Amino acid sequence: MDQRAPNLLDEALGLVDEEKTKPWPLSSRVVLVEDRVETSGAFVLHHLLKRALSPHSSNDVVVFLAFSQPFSHYDRVLRKLGCNLTAQRENNRFFFLDLLMSEFPDGDEENKDGLVALYGKIEKVVSTSFQENKKCITIVIDDFSLMEVAANGSTNYVLDFLRYCRTLTSAFGCSLVVLNHEDIYSSIERPALILQMEYLADILIKAEPLATGLATDVHGQLTVLNKEIRDEQGSSRNKICNFHFRVKENGVEYFYPGSKT
Amino acid sequence: MKPTTSKSTAERGLYPLPIMASPEGALVVLFHMLTFREVALSLLLLLGSLSFLSYWPDVHNLWLAGVAGSREPPPKSESPASTRSTKAKPVNNNIVMATSKPRTSSFSRNLATVPSSTPGLKYGPNGTIFISSGIPDLDKILGGGFPLGSLVMVMEDAEAPHHMLLLRNFMSQGLVHKQPLLYASPSKDPKGFLGTLPTPGSSKDDKSRDRDPENENGLRIAWQYKKYFGDNQYHFDSNRDVKHEYCHDFDLRKPLEKHFISGQHIDCVSILDSPNLAALRDRCATFLAQFPRNDSSISSASRIAIQSFCAPQCKYSNKEWDMVSFIRSLRSMVRSSNAVAVVTFPPSLLSPSFSRRWQHMADTLLSVRAIPDEDKEMAKLLTGYQDMVGLLNVHKVARINTQVPVILDATTFSIKLQKRRFLVLESLNQAPIDSSSGTSYGTSASCSGSSKTGTLDF
């Protein structure tokens, strides 16, 4: 909860806000979470989801595109983090789009229609929420690689979809959080998809296993690249943070390498 | 008789509260099937009467006397009735003697003893339900088995049939539990494979397993402690009641008896000649549609086994997007039904990028590898090398309804055949000499698809 000391991830994302006066710092930004087979980055999504739905910002809305898990999974995980998704869904703050089974099959028109219809759904939620004076809208895509599979591998269409979603971030001040798997593309010569995604992203979060292998008290390391931090002078610069983490049921511990007691 | 309990009763979940004195002085012996809550309640009662009488020192003395007077082992089986008559040993003070079974913590969760109406199902944490993999050791490694709704992928060794060992035991276990099965393989006659399934045998007669219940009769040192053993060892007390066993030991040399196969719901599909995967997807969908997920009551679990999914003799094997799309839909379908799907595939036949995609989709990811017969160097590095038939790697353990990863002590296990019949998994033991190269061997034992092989360089 927010009463606790802010953790390193929040600091790196600029989510630390003592007075609760500033607007949601991730608005109009794209966050890309990359993970690997050995280290899942899903906990970052859960954390951001919980932050976005936290009771302090009761004007926030989350649109969740679930390709990876059913609702019951997220519900149970978030409940242990102290956030009731079922209640939030009833309050119209959490819009869950179950895309586990949906396909956007091959064939030009059909394919585009599938994704276009999906985008239309998102846009409708976003624009109505915007009219209802909701402060910030977060769009979360759990597992972009599965979306690619659902579109039967047509990279262009899913990238178009992503770009459309990105226009929402500038038009309505939404934030867009996308999870993808880095190691899928590491063996491809010119991985257009992941390169474009990294280019589009304002904040890049990488979850990697430790180089020394698995350990019980350190589950991996996070690298947060925050592009274009504006400081007081108005100049912009990149900020990189690197720290270790340990995932627990009710939260995640973050600590600098070697500082775990 | 002695105020101790025999192992069998303790294991069945009886919490004996042998002697309980009411303040009036009458001795009452309680020996019933008590739930934990009842035990807690009666303990509270006991404490209440204790404080009422305030005879603490005497209780202590009596307890010591009871221990000292009970040096000989208790009889193996003891009917509750006889216990009731003999247990009422006169106690001089009108006080209470509590020799009920101490628990490590009153609030510890006793997952293994959650009663299940259906055999072959076990309740796990986070609302998951496990079914057995058919290999007791694998169940233990994975924390209980395969959770319902999960997709298990086994990466094959392209040159050895070790994945078949896992697949056979998985299928046999399902048939023994009368769970419906769908089996797809790239062979011409998949039904014939059912004839090669192993039958449940009992490895209890060989004494190599420690804590053998057969040893109970003999004299043993510190026999009183044996009631603490095997609290969570679900399959050790299983020879008493074969019907409700969660996980069997399978005798790989005997084929499964006919009555397990006949009259059961078994679908066999050959994926050899189908030009695309639509047919297989439909079969899986209709198979799984019979077992929708219903959290309130689980009648039965079903199993899907797909062998060598991307085998090159299949006509669709060059359509990588079709295959990955099938895996995705299979995963989604399994998620919403009471089933577990095990898919084996040779990762070397896929492009590295797609192999990664498949691995990401797996909930539980295993890989098997053969080891060469005569490898002098390895034989030097590992103890018990002669008995090994292969290596099993656990890359990922299913993480359903939780975000916490399961970190195992060891991820590489040796596959051994005990008495050439029973499949056992053991963590690798390095021979004491030359430990540095032993470590590097242990890590490079991960499968070819794993990226860790590259980054680790000792």
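As recorded in an unreviewed UniProt entry, chain B goes by Elongator complex protein 4 and comes from Lithocarpus litseifolius. The record held by UniProt for chain B lists under Pathway (unreviewed entry) the comment "tRNA modification; 5-methoxycarbonylmethyl-2-thiouridine-tRNA biosynthesis." Of the comments in the UniProt record for chain B, the one headed Sequence similarities (unreviewed entry) reads "Belongs to the ELP4 family."

Chain A has the name Elongator complex protein 6 in an unreviewed UniProt entry, where Lithocarpus litseifolius is given as its organism. The record held by UniProt for chain A lists under Pathway (unreviewed entry) the comment "tRNA modification; 5-methoxycarbonylmethyl-2-thiouridine-tRNA biosynthesis." What the UniProt record of chain A gives under Sequence similarities (unreviewed entry) is the line "Belongs to the ELP6 family."

Caption draft 1: Structural view of helix 2 (residues 42–52) of chain A. Counting buried positions along helix 2 of chain A gives 11 out of 11 residues, so the element sits mostly inside the fold. Inspection of helix 2 of chain A places Ala42, Phe43, Val44, Leu45, His46, His47, Leu48, Leu49, Lys50, Arg51 and Ala52 of chain A among the buried residues, and these make up the whole buried set.

Caption draft 2: Representation of the state of the cysteines. Applying the stated criterion across every chain, the model contains 0 disulfides over all chains. Cysteine 136 of chain A supplies the cysteine sulfur nearest to cysteine 174 of chain A, a cysteine that is in no disulfide, at a spacing of 6.7 Å.

Caption draft 3: How the structure looks around the packing of helix 2 of chain A against helix 3 (residues 71–80) of chain A. Residue and element names in this part refer to chain A. Axis separation between helix 2 and helix 3 bottoms out at 10 Å; the angle between their running directions is 70°. Relative to helix 3, helix 2 is oriented roughly perpendicular. You can see that helix 2 and helix 3 cross each other, and the crossing is right-handed. Note on element contacts: helix 3 touches helix 2 through Tyr74, Val77 and Leu78, opposite His46, Leu49 and Lys50. Broken down by class, the residue content of the contact of helix 2 with helix 3 amounts to 4 nonpolar, 1 polar and 1 charged.

Criteria and thresholds
Residues numbered from 1 in each chain as written. Chains lettered and ligands numbered in written order. Predicted model: local features only at pLDDT ≥ 70, side-chain atom pairs only at ≥ 80, totals over all residues. Heavy atoms only, no water. UniProt positions renumbered as here; feature names shortened; annotations may be inferred. Buried < 20%, exposed > 50% of the residue type's maximum accessible area, 1.4 Å probe, protein only. Helix = DSSP H or I, 4+ residues; strand = E, 2+ residues; numbered from the N terminus. Disulfide = S-S within 2.5 Å. Axes fitted to C-alpha atoms, helices over the stretch in contact; angles between N-to-C directions. Parallel < 35°, antiparallel > 145°, perpendicular 65-115°, else oblique. Left-handed = near helix turned anticlockwise from the far one by under 90°. Contact = heavy atoms within 4.5 Å. Nonpolar A, V, L, I, M, F, W, Y, C, P; charged D, E, K, R; others polar.

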